[in-house]
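Examination of the molecular architecture
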Amino acid sequence: MPVLAIFEQPNLDAGTYASMLEQLMPVLRSANGFMSHAGGPSPAGGTRIIEIWESEADSQRFFNENLKPNLPPGVVPDSTYY
């Protein structure tokens, strides 16, 4: 069953997010289980990213293999799955 993933990153500015997204989008689009991505300013400040994945495991695998090792210092998203 698909899952909705919401990632909140209070200290990720729009420029850094756009730069990261430009590099990661081709990899993201080809990731197992990836379905959709949207992101923008969070009402609390920083960036909110919303994705749909075929499973939470697919999302977490992508994060651990592709994002986590390359995140700037202090960038640790708060993740919620539905």
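In what follows, the accompanying structure is described. All chains use their own residue numbering, which begins from 1 and follows the written sequence. The predicted origin of the model limits local features to residues at a pLDDT of at least 70 and limits the giving and counting of side-chain atom pairs to 80 or more, whereas totals for whole chains, interfaces and linings rest on all residues. Remark: hydrogens and water are excluded; side-chain values derive from all non-hydrogen atoms of the structure.

**What to know about the pattern of salt bridges**
Two side chains with opposite charge may pair up if their charged atoms get near one another. Under the convention used in this document: Basic side-chain nitrogens of Lys or Arg form a salt bridge, by our definition, when they fall within 4 Å of a carboxyl oxygen of Asp or Glu. Put simply, DSSP H or I for four residues or longer makes a helix, DSSP E for two residues or longer makes a strand, and each gets a number counted from the N terminus. Burial classes follow relative accessibility: with a 1.4 Å probe on protein chains only, a residue under 20% of its type's maximum area counts as buried, one over 50% as exposed, and anything between as partly exposed.
Tallied over the full model, the rule gives two salt bridges. The salt bridge partner of Glu8 is Arg48, with a shortest N-O separation of 2.2 Å. In this pair, Glu8 is assigned in strand 1 (residues 3-9) and Arg48 in strand 3 (residues 47-53), connecting sequence segments 40 residues apart. Accessibility expressed as a relative area gives 19% for Glu8, which makes it buried.

**Some remarks on the environment of Val27**
The test is simple: Here, residues are in contact when the closest pair of their heavy atoms is within 4.5 Å.
Summarising the element assignment, Val27 is placed in helix 1 (residues 14-29). Take Val27: its relative accessible area is 36%, and that puts it in the partly exposed class. In this structure, the C-alpha to C-alpha distance between Val27 and Phe62, residues 35 residues apart in sequence, is 9.3 Å. Those residues within four positions of Val27 in sequence are excluded, and the remaining contacts are Phe62 and Asn66.

**Digging into the environment of Ile6**
You can see Ile6 is positioned in strand 1. It is 16 Å that separates the C-alpha atoms of Ile6 and Gly33, two residues lying 27 residues apart in sequence. Discounting residues that sit within four places of it in the chain, Ile6 has contacts with Arg48, Ile49, Ile50, Asp78, Ser79, Thr80 and Tyr82.

Function cannot be inferred from these measures alone, as they are strictly geometric.
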